There are 2 protein chains.
Amino acid sequence: MSLKVYVDRLSQPSRALLIFCKLNGIEFEEVPIDLSKGQHKSPEFEEVNPMKQVPAIAHGTFVLFESHAILRYLASAFPGVADHWYPTDLQKRAKIESVLDWHHSNLRRGSVGYIFNTILAPAFGLPTNPQAAAEGKKLLSASLATIDTFWLQKDGSFLNGNSQPSLADLSLVCEIMQLEDRDSILSPHKNVLKWIDDVKSALAPHFDEIHATLFKVKEMFEKKRSAGASS
Amino acid sequence: MSLKVYVDRLSQPSRALLIFCKLNGIEFEEVPIDLSKGQHKSPEFEEVNPMKQVPAIAHGTFVLFESHAILRYLASAFPGVADHWYPTDLQKRAKIESVLDWHHSNLRRGSVGYIFNTILAPAFGLPTNPQAAAEGKKLLSASLATIDTFWLQKDGSFLNGNSQPSLADLSLVCEIMQLEDRDSILSPHKNVLKWIDDVKSALAPHFDEIHATLFKVKEMFEKKRSAGASS
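As the structure is a computational prediction, the values presented were derived from the model and not from experiment. (Residues numbered from 1 in each chain as written. Chains lettered and ligands numbered in written order. Predicted model: local features only at pLDDT ≥ 70, side-chain atom pairs only at ≥ 80, totals over all residues. Heavy atoms only, no water.)

This next bit is on the pattern of salt bridges. Applying the stated criterion across every chain yields a total of 18 salt bridges over all chains. Put simply, Lys194(A) and Asp198(A) hold a salt bridge, and the shortest N to O gap is 2.7 Å. Taken as a pair, Lys194(A) and Asp198(A) lie in helix α7 (residues 190–202) at a separation of four residues, close to a single helical turn. Between Arg72(B) and Glu97(B) there is a salt bridge, and its shortest N-O distance comes to 2.8 Å. Highlighted residues: Arg72(B) in helix α3 (residues 67–77) and Glu97(B) in helix α4 (residues 90–123), separated in sequence by 25 residues. Comparing Arg72(B) with Glu97(B) shows no difference in burial state: the two are buried. Three or more residues are tied together by salt bridges with common partners; here these are Arg72(A), Glu97(A), Asp101(A), Arg72(B), Glu97(B) and Asp101(B). (Salt bridge = Lys/Arg side-chain N within 4 Å of Asp/Glu carboxyl O. Helix = DSSP H or I, 4+ residues; strand = E, 2+ residues; numbered from the N terminus. Buried < 20%, exposed > 50% of the residue type's maximum accessible area, 1.4 Å probe, protein only.)

Now the structure itself:
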């Protein structure tokens, strides 16, 4: 049964999904949906995901959206996926679910609010909301502090003290890659910085390959900002 | 192994958890955590949930928070739970996961922003944010429209066209019960209104029993508002 994966590599949950498939030898066809060209609003894509968001998948005739739901499904439906991603042990799995659910209203929400109002809106000439940017930054910093002092407080290198990465490590680190540290958001959180490096190593070489587009775009933004600052 | 369930019946995910346990014959001890008295900030409760939020559980020495993670765990760990709540069929389960994940950034986020800024903050003398209230209401209405026209578009009475309720129906309807319809938020959504009735019937008699505290508090608020309007 064929697997189509609808993604934009500039979207953090899209990258998580691509890395997961490549790492686990899941055969798939990548269908690029360019958000900047509005391809997520096409009638063809709307048949796959009526919410008009990436990522989404079509596994044969079965369509699915919401990245965590997709990751859980792939981890369960494809036999070659190592257990540490989404353990069959109910208590280990539940602890990973707890991080995945926590993510939505904390790290993800903070990150999206902050990045939209400080980077994306100005880049696309859209109105910005400074209060929303400030609230996003506050929630983002609090979320990073929670990861630093709670989720990473145990012996293992990964979330919940695990010795190997889970779906939660993958999802959260791809979110964090969206950030730039010019505002020193990441630097106070030493456990987070070490964890990012550990996750990158565990996901090599696919981590860098899938993030290449994002890193190029970030470099371009940085050049524009530097040029603006010196003109 | 004993199961302790830490809840405040005025919290929507707490109610979902209590109803789920009662309906499925799961033996548990209810440990009330009165949010209005700040009991969620006590050192004892912080040992159960360092995030200082309800609900949380302790199953023997295993502690867990985030209501969807708890519901998934209970549905999997207790053998008497009927399959329709959290199906073992991977595609049926994935469709329910998709609703549960969607909920966080849509219905839940809209509802919390709206209710906090229009009901809770004024009641507790806290500052309100009219822009956040308006944004919450807009997201809430859009989320209800999505439930009405997408999640409920199929033949069955429940979300995803299912003929019996799942964890998603339980979680979302408990969230909606927090709303009052004085602003006609619910009334345009006829499928949602019918679905609420269907879920209530499927969860009887525990639905009304667990919601009794909320309904009393809502009645008290309504009387206060009426008295204020006529004075």
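Here we come to α7(A). Helix length check: α7(A) (13 residues) gives 19 Å between terminal C-alpha atoms against 18 Å at 1.5 Å per residue, within 8%. The elements touched by buried residues of α7(A) are α5 (130–151) and α6 (167–176) of chain A. (Expected span 1.5 Å × (residues − 1). Contact = heavy atoms within 4.5 Å.)

In this description, an aromatic ring pair is defined by two values, namely the gap between the centres and the angle between the planes. For the structure on display, the rule yields 14 aromatic pairs over all chains. Seen in terms of ring centroids, Trp151(A) and Phe65(B) are 5.7 Å apart; in terms of plane orientation they differ by 40°. Their pairing is tilted. Of this pair, Trp151(A) sits in helix α5 while Phe65(B) sits in strand β4 (residues 62–65), which puts the two residues in different chains. Residue Trp151(A) is classed as buried on the basis of its relative accessible area, which comes to 3%. Where Phe62(B) meets Tyr73(B), the ring centres are 5.1 Å apart and the plane angle is 45°; that geometry is what we call tilted. A residue pair is termed long-range when its members are at least 10 positions apart, and Phe62(B) in strand β4 and Tyr73(B) in helix α3 qualify at eleven residues. The buried category is assigned to Tyr73(B), whose relative accessible area is 5%. A connected cluster of aromatic rings, assembled from ring pairs, spans Phe65(A), Trp102(B), Phe150(B) and Trp151(B). Lying across the ring of Tyr86(A), Arg93(A) places its NZ or CZ 3.8 Å from the centre. (Phe/Tyr/Trp six-rings, centres within 6.5 Å; stacked < 30°, edge-to-face > 60°. Lys NZ or Arg CZ within 6 Å of the ring centre and 35° of its normal.)

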